[in-house]
Amino acid sequence: MPSYQLRGTATRQLLARGLADYAAAEAALNRLDDELEHDLTANGEGSGRIRPRLDIEKVTDGTAEAVGHHVLLLGVEDPTDPLLAL
């Protein structure tokens with residue numbers, strides 16, 4: 001049965017693994033985004049030009065293949081109005 005993981009595109013660092021499905025990988029991306037913003041704020045740093053690029057990889061029988069690519073936009077609030085999210 002396949003699992004999913006997150007990897008830094010540039011560094012190739014494995015950030016999360018053993019995720020059950022693509023939705024779990026997206027939830028992990030959201031948590032990572034929140035954690036990074038929290039850490040930057042706690043250190044008194046801004047996120048102006050920080051745009052981490054991450055790959056979602058599907059792992060089947062020990063072989064990983066990229067199935068998604070995301071850029072975390074730190075310092076940008078998610079829209080609360082459902083019409084803005086379209």
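Notes on the structure follow. (Residues numbered from 1 in each chain as written. Predicted model: local features only at pLDDT ≥ 70, side-chain atom pairs only at ≥ 80, totals over all residues. Heavy atoms only, no water.)

## As for the pattern of salt bridges
Working step 1: With the rule as written, the count across this model stands at 3 salt bridges.
Working step 2: The partner of Arg7 in a salt bridge is Glu57, with the nearest N and O atoms 3.1 Å apart. Here Arg7, found in strand β1 (residues 3-8), pairs with Glu57, found in strand β3 (residues 53-60); they are 50 residues apart in sequence, far enough to count as distant. Accessibility assignment for this pair places Arg7 and Glu57 in one class, buried.
Working step 3: Its salt-bridge partner being Arg12, residue Glu57 comes within 3.0 Å of it at the nearest N-O pair. (Salt bridge = Lys/Arg side-chain N within 4 Å of Asp/Glu carboxyl O. Helix = DSSP H or I, 4+ residues; strand = E, 2+ residues; numbered from the N terminus. Buried < 20%, exposed > 50% of the residue type's maximum accessible area, 1.4 Å probe, protein only.)

## What about helix α1 (residues 22-42)?
Working step 1: With 21 residues, α1 ought to run about 30 Å at 1.5 Å a step, and its terminal C-alpha atoms sit 30 Å apart, in line with that.
Working step 2: Where α1 is concerned, the buried positions are Ala25, Ala28, Leu29, Leu32, Asp33 and Leu40. Seen along its axis, α1 keeps its buried residues to an arc of 145 degrees; they face one direction. When the buried face of α1 is taken as reference, the exposed residues oriented beyond 90 degrees from it are Ala23, Asp34, His38, Thr41 and Ala42.
Working step 3: Here the buried face of α1 lies against β1, β2 (14-19), β3 and β4 (63-71). (Expected span 1.5 Å × (residues − 1). Arc of directions from axis to C-beta. Contact = heavy atoms within 4.5 Å.)

## Side note on the side chain of Asp55
Working step 1: Relative to the helices and strands, Asp55 resides in strand β3.
Working step 2: In contact with Asp55, other than residues within four places in its own chain, are Gln5, Leu6, Arg7, Thr9, Arg12, Gly68 and His69.

## Considerations on unusual backbone geometry
A negative phi holds for most residues other than glycine; trans holds for most peptide bonds.
Working step 1: Positive phi values are uncommon outside glycine, yet Arg12 reaches one of about 65 degrees.
Working step 2: Mapping Arg12 onto the fold places it in the loop between β1 and β2.
Working step 3: Residue classification places Arg12 among the partly exposed positions, given a relative accessible area of 39%.
Working step 4: One non-glycine residue, Asp61, adopts positive backbone phi at about 50 degrees.
Working step 5: Relative to the elements of secondary structure, Asp61 occurs in the loop between β3 and β4.
Working step 6: Residue classification places Asp61 among the exposed residues on the basis of a relative accessible area of 78%.

## A closer look at the nonpolar core
Working step 1: Among the nonpolar cores identified, the biggest contains 11 residues, and these are Tyr4, Leu6, Ala16, Leu19, Ala25, Ala28, Leu29, Leu32, Leu54, Ile56 and Leu72.
Working step 2: Of all the elements in the fold, those that place two or more residues in this core are β1, β2, α1 and β3.
Working step 3: Considering each element in turn, this core owes the most residues, 4 residues, to α1.
Working step 4: Once residues lying within four places of it in the same chain are set aside, the contact partners of Leu6 are Gln13, Leu14, Leu15, Ala16, Leu19, Ala25, Ala28, Leu29, Asp55 and Ile56. (Core = buried A, V, L, I, M, F, W, Y, C linked by side-chain atoms within 4.5 Å.)

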